[in-house]
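Fold and geometry: a report
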Amino acid sequence: TASAQAGKAAASSAGPDGWLSGVKGTHRCLFDFPQHKNGVPLLHILNYINTYKEAYKAGPGTVGAVGTFYGIGAQSSIALAFDDAAWAKYGLGEYLGLKDASGKAYTRNVFFRPTANDAHLLGQAMQLPPMPGLAGALPALGIESLQKMGTSFLLCNNAFGAWCMELEGRGKGKMADLQTELMKHLLLGVTVVPAMVIAIEKAQAAGIRYNRQ
């Protein structure tokens, strides 16, 4: 979308490390998840933010988190960076092996705005029985919801190029065309960084804690 492109351009003009200044707060942590794990890493980010708020009485703007979208292959988290239209066009739900409650592959980015009806994903990941309380938490752990709570999300440019090469190999189109088209579907607020390995290093140097998922 135009707004996503504008955000990407703004991030680029600020330099490759400009995103660091957007991670606000006295409690800051980067959650490193190259695999989507059915959204469990997003649940852990929500837990981090909510626990500081409720148990530690952290005030608004004092807790910041960072999530990472990268990796290639059907377990990677990279597809989480893209909107519903991209998921539908390129069959990303089928590619990731993620199915809705009726057993059909998702045609939307289920992690952007999940609902209580998507709770089975967490249950599958953690081998849990149906838990109504867990279902109620689903909307809050969505990417959009976490962004509103102070979470920044990063997309690795190097991994993105490799992923487009993979998608070409899977018959989704030509690599160059995929790179151009998918960038038009980047979720608003997601920042493209040159390499996640360096972004993680820069985060730690800036005093942002590290949590491997």
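Further up the page is the structure itself.
Quick look at the structure, then. (Residues numbered from 1 in each chain as written. Predicted model: local features only at pLDDT ≥ 70, side-chain atom pairs only at ≥ 80, totals over all residues. Heavy atoms only, no water.)

**A few points about the overall build of the protein chain**
Each helix and strand in the protein chain was counted, giving ten helices and five strands. Taking 17 Å as the expected radius of gyration for a compact globule of 213 residues, we find that the protein chain reaches 17 Å, a close match to that expectation. Its C-alpha atoms give the protein chain principal-axis dimensions of about 50 × 45 × 30 Å. Across the 213 residues that make up the protein chain, the buried fraction comes to 46%. By element, 55% of the accessible surface of the protein chain is carried by carbon and sulfur atoms, the whole surface being about 10100 Å². One finds the centroid of the 19 positive side-chain charges in the protein chain at a distance of 5 Å from the centroid of its 14 negative side-chain charges. (Helix = DSSP H or I, 4+ residues; strand = E, 2+ residues; numbered from the N terminus. Rg over C-alpha atoms; globule rule 2.2 N^0.38 Å. Buried < 20%, exposed > 50% of the residue type's maximum accessible area, 1.4 Å probe, protein only. Areas by Shrake-Rupley, 256 points an atom, 1.4 Å probe, with all protein chains shown as cover. Lys, Arg positive; Asp, Glu negative; His and termini not counted. Charge placed at Lys NZ, Arg CZ, Asp CG, Glu CD.)

**Concerning the sheet that holds strand β5 (residues 209-212)**
One open sheet holds the five strands; their spatial order is β4-β3-β2-β1-β5, and the pairing between them is parallel. Only two strands of the sheet have a single partner each, and these edge strands are β4 (190-193) and β5. Here the strands of the sheet are splayed against their neighbours by 25 degrees on average, with no regard to which way each runs. Here five bridges tie strand β2 (residues 63-69) to strand β3 (residues 151-156), and the two strands are oriented parallel to one another. Paired with T68 across the bridge in β3 is L154. (Pairing = 2+ DSSP bridges. Axes fitted to C-alpha atoms, helices over the stretch in contact; angles between N-to-C directions.)

**Side note on the layout of surface pockets**
It is the rolling of a water-molecule-sized probe over the atoms that shows where space remains empty. Of the voids in this model, the largest pocket is the one considered here, and its volume is about 260 Å³. Together, 14 residues line the largest pocket, and I49, G59, P60, G61 and M149 are the ones closest to its centre. Those elements giving two or more residues to the lining of the largest pocket turn out to be α2 (40-54) and β2. A per-element tally of the lining of the largest pocket places α2 first, with three residues. Residues of the lining of the largest pocket, tallied by class, amount to five nonpolar, seven polar and two charged. (1 Å grid on protein atoms, 1.4 Å probe; cavity = no way out; pocket = protein on both sides within 12 Å on 5 of 7 lines; lining within 4 Å. Points joined across faces, edges and corners; volume = space filled by probe spheres on them. Nonpolar A, V, L, I, M, F, W, Y, C, P; charged D, E, K, R; others polar.)

**Some remarks on the pairing of strand β1 (residues 27-32)**
Where burial is concerned, most of β1 is hidden: five out of the six residues are buried. Across five bridges, β1 lies against β2 in parallel orientation. For C29, the partnering residue across the bridge sits in β2 and is A65. One crossover worth recording links β1 to the parallel β2 by way of α2, and it is right-handed. Bridge count for β1 against β5 is four bridges, and the pairing is parallel. Counted as the bridge partner of F31 is N211 from β5. (Right-handed = clockwise from strand over helix to strand, strands pointing away.)

**Here we look at empty space enclosed by the protein**
Going through the model one piece at a time under the given rule, you end up with one cavity of 30 Å³ or more. What lines the largest cavity is simply N38, G39, V110, F111, P114, D118, L121, L122, L138 and L141. Of the residues contributing to the lining of the largest cavity, the split by class is seven nonpolar, two polar and one charged.

**Things to note about the side chain of D32**
Secondary-structure assignment places D32 in strand β1. Its relative accessible area of 2% is what places D32 among the buried residues. Here the side chain of D32 touches Y210 through a polar contact of 2.5 Å, side chain to side chain. Setting aside residues up to four positions removed in sequence, D32 forms contacts with T68, Y70, I200, Y210, N211, R212 and Q213. (Polar contact = N/O pair within 3.5 Å; in protein donor to acceptor, adjacent residues only side chain to side chain. Contact = heavy atoms within 4.5 Å.)

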